[in-house]
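The residues making up each chain are set out below.
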Amino acid sequence: MQGLSRLSGLPVGAAASACMVFALAACGGGGGGSAPGSAPADNAAQTTTPQTTQPGTAASAPAMDKAIAAAQQAAASDPLCATSALGDFYWEIGDATSSAPLVSHSEGGGSVTASTHFGIASASKWVFGAYVLQKKGIDRVRADPVLSAGLRFLSGYTGFNDDACLGKTTVGACNAAGNISAPDPSTVGRFDYDGGHDQKLAAVDLGLGGFTSKQLDQEYQAVLGLPSGINMAPLDPLIAGGLQASAADYAQFLRKLMNRQLVIGEHLGEDAVCADPLTCPNQVAYSPIQALGEPWYYAYNYWVESEHGNGTVDAYSSPGKFGFYPWITPDRKYYGILSRHDTQPVAYGVSVKCGRQIRKAFLAALAQGA
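Residues numbered from 1 in each chain as written. Predicted model: local features only at pLDDT ≥ 70, side-chain atom pairs only at ≥ 80, totals over all residues. Heavy atoms only, no water.

**Q** Mind showing me how you'd approach the overall build of the protein here?
**A** Helix and strand counts for the protein stand at 12 helices and 13 strands. Every one of the 370 residues in the protein was classed for burial, and the buried ones make up 59%. Considering only contacts within the protein whose residues lie at least 6 apart along the sequence, 71% involve residues at least 24 apart. For the protein, the accessible surface area stands at approximately 13300 Å², while carbon and sulfur atoms represent 51% of it. (Helix = DSSP H or I, 4+ residues; strand = E, 2+ residues; numbered from the N terminus. Buried < 20%, exposed > 50% of the residue type's maximum accessible area, 1.4 Å probe, protein only. Contact = heavy atoms within 4.5 Å. Areas by Shrake-Rupley, 256 points an atom, 1.4 Å probe, with all protein chains shown as cover.)

Listed below in structure tokens is the structure:
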């Protein structure tokens, strides 16, 4: 599977050390806090717009220097960022206007850099969500239940076999191989994190069924202005998880969102549905975020993060199964990426926990120095 995997428990054996850091920090509690806004009674009918902070003034140079130092310290010394658990990784934090990161570093042995090209798994979803909103517009997406349910994983096209896409040459062939011919009545209207929603939308509803990976790359580039370094795996045109990219490539996409150069950037956090089974058990069929025990929401193919609930939003993000973790602050002023490739279970959770610590350190120091 290219997306976040369905979890049956904590990993053992070789994955134990990596998960232990994650489990102690994330699996022991949380999840009971209220989600952003009031929890909807029915995911298919009601949504919420999370509370976010408003953009402030530009940080002073001394405040930024302190924030950069704090981020560097967190990445190098926070237990949740230990390379014994994460392996080598690269991280950066940037803003909406600079073409280069404000701060970045390769941790560990330095094998991962800004230009290291990885399969980014579920970070692909944010790109597809941006594509659909750019093609159709927000009003059309909201008015069309096929689009709005599909992008928020309520369509019922679940149980998709991601691995069956390997070796397929077109989006439609991937869809057919996934073996989902009709929605599952038990998951219609309930959040279910599954690649079938996106694959069906692309192949059937958006007319991309005959597209090869190369043609899909060209379409994304034409509609979203993506760099050529973001590309679909040639023989795995899996919409929800088949993209490959480097941190430098993906950062360009994040800046376009932050600068509202894309429709989705104007509407980050809007129309989100509850995606935490501990918060809204009747509205969620499956969510990988259950492993974190936090009340996250899901919008148009990306996550609305909330560590503690109570109407707070920490970031918009799209962590991938293998640990590639991009995020944007709610005020759209800063973005971050933690780049690595790890096939151990819950690699995404380990990256989220480390990336969050770096983000917290940066923002806290920035606020203190303002």
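**Q** What am I meant to see in the confidence of the model for the protein here?
**A** As a general rule, the predicted coordinates of low-pLDDT regions are not to be interpreted in detail. Taken residue by residue, the protein gives an average pLDDT of 87. The fraction at 70 or more is 84%. Across residues 5-42 the pLDDT falls below 50, and counting only partners more than four positions away or on other chains, this stretch makes 90 contacts in the model. (pLDDT = per-residue confidence, 0-100.)

**Q** Teacher, can you tell me more about the packing of aromatic side chains here?
**A** Both the distance between ring centres and the angle between the ring planes are used here to describe each pair of aromatic rings. Across all of its chains, the model carries 18 aromatic pairs by this definition. Centroid distance F191 to Y298: 5.3 Å. Interplanar angle 55°. Geometry classified as tilted. Pair noted here: F191 is in strand β4 (residues 191-192) and Y298 is in strand β9 (residues 297-298), with a separation of 107 residues, a long-range link. Overall, F191 belongs to the buried group, its relative accessible area being 0%. Judged by relative accessible area, which is 0%, Y298 ranks as buried. An aromatic cluster is defined as three or more aromatic residues linked by ring pairs; in this entry it consists of W126, Y250, F253, Y302, Y316 and F324. (Phe/Tyr/Trp six-rings, centres within 6.5 Å; stacked < 30°, edge-to-face > 60°.)

**Q** Help me understand unusual backbone geometry in this model?
**A** Only a minority of non-glycine residues have a phi that is not negative, and only a minority of peptide bonds are not trans. Positive phi is not limited to glycine here, since N301 has a value of about 75°. Located in the positive-phi region is V346, a residue other than glycine, with phi close to 50°. Here V346 shows up in the loop between β13 (334-339) and α12 (347-369).

**Q** What should I look at first to understand the pairing of strand β1 (residues 89-95) in this one?
**A** In summary, the side chains of a regular strand alternate between the two faces of the sheet. Here β1 lies mainly inside the structure; 7 of its 7 residues are buried. A two-sided burial pattern is seen for β1, the buried positions comprising F89, W91, I93 and D95 on one face and Y90, E92 and G94 on the other. Two elements, β1 and strand β2 (residues 103-107), share 5 bridges in a ladder whose sense is antiparallel. The residue of β2 that forms the bridge with E92 is S104. As paired strands, β1 and β13 are joined by 6 bridges and run antiparallel to one another. Bridge pairing links G94 to Y335 in β13. (Pairing = 2+ DSSP bridges.)

**Q** How do you make sense of the sheet that holds strand β3 (residues 118-119) when you look at a structure like this?
**A** Backbone-to-backbone hydrogen bonds join strands into a sheet, with any given pair of strands oriented parallel or antiparallel. Taken together, the 3 strands give an open sheet; going across it, the order is β3-β6-β5, and neighbouring strands pair in antiparallel fashion. Strands with a single pairing partner mark the edges of an open sheet, and in this sheet they are β3 and β5 (231-232). Looking at chain direction, β5 and strand β6 (residues 243-245) are connected through 2 bridges and run antiparallel. In the strand pairing of β6, M232 is matched with L243.

**Q** Would you take a moment to explain the environment of F362 for this structure?
**A** Position of F362 among the secondary structure elements: in helix α12. C-alpha of F362 to C-alpha of M64: the two residues are 298 residues apart in sequence and 8.6 Å apart in space. In this view, F362 contacts M64, A67, I68, A71, I93, L102 and Y334; residues no more than four positions away in its chain are not counted.

**Q** Help me out: how do you make sense of helix α4 (residues 124-136) in this one?
**A** An α-helix turns once every 3.6 residues. As a result, residues three or four positions apart point the same way. Across its 13 residues, α4 extends 19 Å between first and last C-alpha, which sits within 8% of the 18 Å expected from 1.5 Å per residue. Here α4 lies mainly inside the structure; 10 of its 13 residues are buried. Listed as buried for α4 are S124, K125, W126, V127, F128, G129, A130, Y131, V132 and L133. Just downstream of α4, G137 is the residue with a positive phi angle, here 85°. (Expected span 1.5 Å × (residues − 1).)

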